[in-house]
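Residue-level structural notes
Take a look at the letters that make up each chain.
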Amino acid sequence: MNDTTDFAPQPVLESRTLRLRPIQPDDFEPLYAAASDPRVWEQHPSSDRYKRPQFQQWFTDAMASGSALIVIDRDTARVIGSSRYYEWDPTQQEVAIGYTFLAHDFWGGKTNAEMKRLMLDHAFQWAKRVWFHVAAGNTRSRKAMEKIGGVLSHRGIKTLNGTDHDYYFFRIDSQKAARKEN
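Quick look at the structure, then. (Residues numbered from 1 in each chain as written. Predicted model: local features only at pLDDT ≥ 70, side-chain atom pairs only at ≥ 80, totals over all residues. Heavy atoms only, no water.)

Here the focus is the overall build of the chain. A count of helical and extended segments in the chain gives 6 helices and 8 strands. Element order for the chain, N to C, with α for helix and β for strand: β-β-α-α-α-β-β-β-α-β-α-β-β-α. Its C-alpha radius of gyration of 16 Å places the chain within 12% of the 16 Å reference for a compact globule of 182 residues. Dimensions of the chain, computed from C-alpha atoms along their principal axes, come out at roughly 45 × 35 × 30 Å. Residues counted as buried form 46% of the 182 residues belonging to the chain. Look at the contacts in the chain between residues 6 or more apart in sequence, and 61% of them connect residues 24 or more apart. Here the chain has roughly 9400 Å² of accessible surface; of this, 48% comes from carbon and sulfur atoms. Charge centroids of the chain, computed over 25 positive and 23 negative side chains, lie 5 Å from each other. (Helix = DSSP H or I, 4+ residues; strand = E, 2+ residues; numbered from the N terminus. Rg over C-alpha atoms; globule rule 2.2 N^0.38 Å. Buried < 20%, exposed > 50% of the residue type's maximum accessible area, 1.4 Å probe, protein only. Contact = heavy atoms within 4.5 Å. Areas by Shrake-Rupley, 256 points an atom, 1.4 Å probe, with all protein chains shown as cover. Lys, Arg positive; Asp, Glu negative; His and termini not counted. Charge placed at Lys NZ, Arg CZ, Asp CG, Glu CD.)

Below, the structure written as structure tokens:
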């Protein structure tokens, strides 16, 4: 495990089919192409994010976060989505992964699991636990969390843009941390 204070939130991560890299200002148009389908946001608290002005705000926030990544399909070089790390806590050695979306034609297969595996492997160099916050109404993301091994910890409130929302809190513990607890 690396020094717990120096978590690297914007790595370049690659697998055979995906490449994740830090988001850049000129990624707006290709990322918006992936995000402009209303189906991508229909179960999200910000269900109008497929609209250009709302997505522009999301993109501005993603750029400012210093931890957003874009997801690229290596076969086509197409930008297909985004995810990010947030809420890094060096004392607890915990981080969250979220703000994730994928273009509709990449749902239901191996893409989400592959992306999350890349991000989890990176996070576990520093973290003992990774959190995922899933809106209570987002059944698709809750099922996806279960598919990748997320354990439901609890239900609680998260505040987004000044509004409280009901969320499920899933976690995945590093194998090293899990062995120590057993």
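With 47 residues, the main nonpolar core has L20, L31, F55, Y85, F101 and F132 as its most contacted residues. Of all hydrophobic cores here, the second largest spans 6 residues; its members include Y86, W131, A135 and F169. (Core = buried A, V, L, I, M, F, W, Y, C linked by side-chain atoms within 4.5 Å.)

Moving on, we come to helix α4 (residues 111–123). Here α4 spans 18 Å end to end across 13 residues, near enough to the 18 Å set by a 1.5 Å rise per residue. Looking at α4, one finds that the buried residues are T111, N112, M115, K116, L118, M119, L120, H122 and A123. (Expected span 1.5 Å × (residues − 1).)

The next subject is the environment of L31. One can find L31 in helix α1 (residues 28–35). By relative accessible area, L31 is classed as buried at 0%. Between the C-alpha atoms of L31 and S65, which are 34 residues apart in sequence, the distance is 16 Å. Aside from chain neighbours lying at most four places away, what touches L31 is I23, F55, W58, F59, I70, V79, G81, S82 and F101.

Considering all chains together, one arrives at 12 aromatic pairs under this definition. The interplanar angle of 85 degrees and the centroid separation of 5.3 Å between the aromatic rings of F7 and W126 together place this pair among those described as edge-to-face. Here F7 is found in the segment before β1 (13–14), whereas its partner W126 is found in the loop between α4 and β6 (129–135), with 119 residues between them in sequence. As far as the burial class goes, F7 and W126 line up, both buried. Measuring from centroid to centroid gives 5.0 Å for F55 and W58, while their planes differ by 20 degrees, and the two rings are stacked. Here the residue F55 and the residue W58 both occupy positions in helix α3 (residues 52–65), the gap between them amounting to 3 residues, near one helical turn. Overall, the relative accessible area of 0% leaves F55 in the buried class. Pairwise contacts between aromatic rings join F28, Y32, W41, F55, W58, F59 and F101 into one cluster. (Phe/Tyr/Trp six-rings, centres within 6.5 Å; stacked < 30°, edge-to-face > 60°.)

It is worth spelling out unusual backbone geometry at this point. The backbone phi angle of E87 is positive, close to 55 degrees, even though this residue is not glycine. Mapped onto the elements of the fold, E87 is located in strand β4 (residues 78–89). For E87, a relative accessible area of 47% gives the class partly exposed. The phi dihedral of Q93 is positive, around 55 degrees, even though this residue is not glycine.

As a further point, take the pairing of strand β5 (residues 94–102). When a strand is regular, its side chains alternate between the sheet's two faces. When you tally the buried positions in β5, you get 7 out of 9 residues, the bulk of the element. By the bridge criterion, 6 bridges tie β4 to β5 in an arrangement that is antiparallel. Counterpart to D89 in the pairing with β5 is E94. Between β4 and β5, which pair antiparallel in sequence order, lie 4 residues; one of them, Q93, sits at a positive phi of approximately 55 degrees. Pairing of β5 with β6, which is carried by 3 bridges, proceeds in the parallel orientation. Each bridged residue has a counterpart across the sheet, and for A96 the counterpart in β6 is W131. (Pairing = 2+ DSSP bridges.)

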